[in-house]
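Breakdown of the fold
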Amino acid sequence: MARPHTKTPAKTFQQRQTERHLADAQDRAIVEDMAKKYTCTNSIARDFASQCYERLTDVDFDLLCSKLALDFWADPSEAARPVVDVLRELEAERRRYLAALTDLRERLLALTKSDAVHQHLPLPIEHYQEQVRDRLFPDLVLRPVPTLAASSDR
């Protein structure tokens, strides 16, 4: 039996405008947040340390899966040996990656504790916001934020 066709009601102009405003606000927040973080050595070190932590979590899980697979294939047949050998290489590479990420994360966090390396880039924040937009979101067009004076003219 066919389902009855239900037509989704068309969005009103106000709904579309509200959605566009929310999307603009979210895009603007991403650009502003990245520019703010990337122009301060402490902020960027913390951000990249956090990225390392996220990858560490992923790699830990990958290593659990690798161990499980290698346990299954602990005594492979001659025909399966090439696959198992590559799985062992992959596990070893993941262990090296885990060690490198752990070391880099610790070094980044240690640097945030030193005032000697705490620096900010010299240009106005708008310059760096433009760089973020241009490099990461080349098709992004942010509409100007309406000012209080402009909205009170209506």
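Scroll up for the structure.
The structure contained in this document is the topic of the report that follows. These numbers were taken from a predicted model, which means no experiment stands behind them.

The next thing to look at is the overall build of the chain. When helices and strands are counted, the chain shows five helices and zero strands. Each helix (α) and strand (β) of the chain, taken in turn from the N terminus, gives the series α-α-α-α-α. For the chain, buried positions account for 19% of its 154 residues. When contacts within the chain are restricted to residue pairs at least 6 apart in sequence, those whose partners lie at least 24 apart make up 76%. Accessible area for the chain stands at about 12400 Å²; split by element, carbon and sulfur atoms hold 58% of it.

This part covers the nonpolar core. Of all hydrophobic cores here, the largest spans six residues; its members are Cys52, Leu56, Val59, Leu63, Leu98 and Leu101. Secondary-structure elements contributing two or more residues to this core are helix H2 (41-72) and helix H3 (81-111). Element by element, the count of residues in this core is highest for H2, at four residues. By size, the runner-up hydrophobic cluster in this structure holds five residues, among which are Met34, Ala35, Tyr128 and Val132.

Thresholds applied
- Residues numbered from 1 in each chain as written.
- Predicted model: local features only at pLDDT ≥ 70, side-chain atom pairs only at ≥ 80, totals over all residues.
- Heavy atoms only, no water.
- Helix = DSSP H or I, 4+ residues; strand = E, 2+ residues; numbered from the N terminus.
- Buried < 20%, exposed > 50% of the residue type's maximum accessible area, 1.4 Å probe, protein only.
- Contact = heavy atoms within 4.5 Å.
- Areas by Shrake-Rupley, 256 points an atom, 1.4 Å probe, with all protein chains shown as cover.
- Core = buried A, V, L, I, M, F, W, Y, C linked by side-chain atoms within 4.5 Å.

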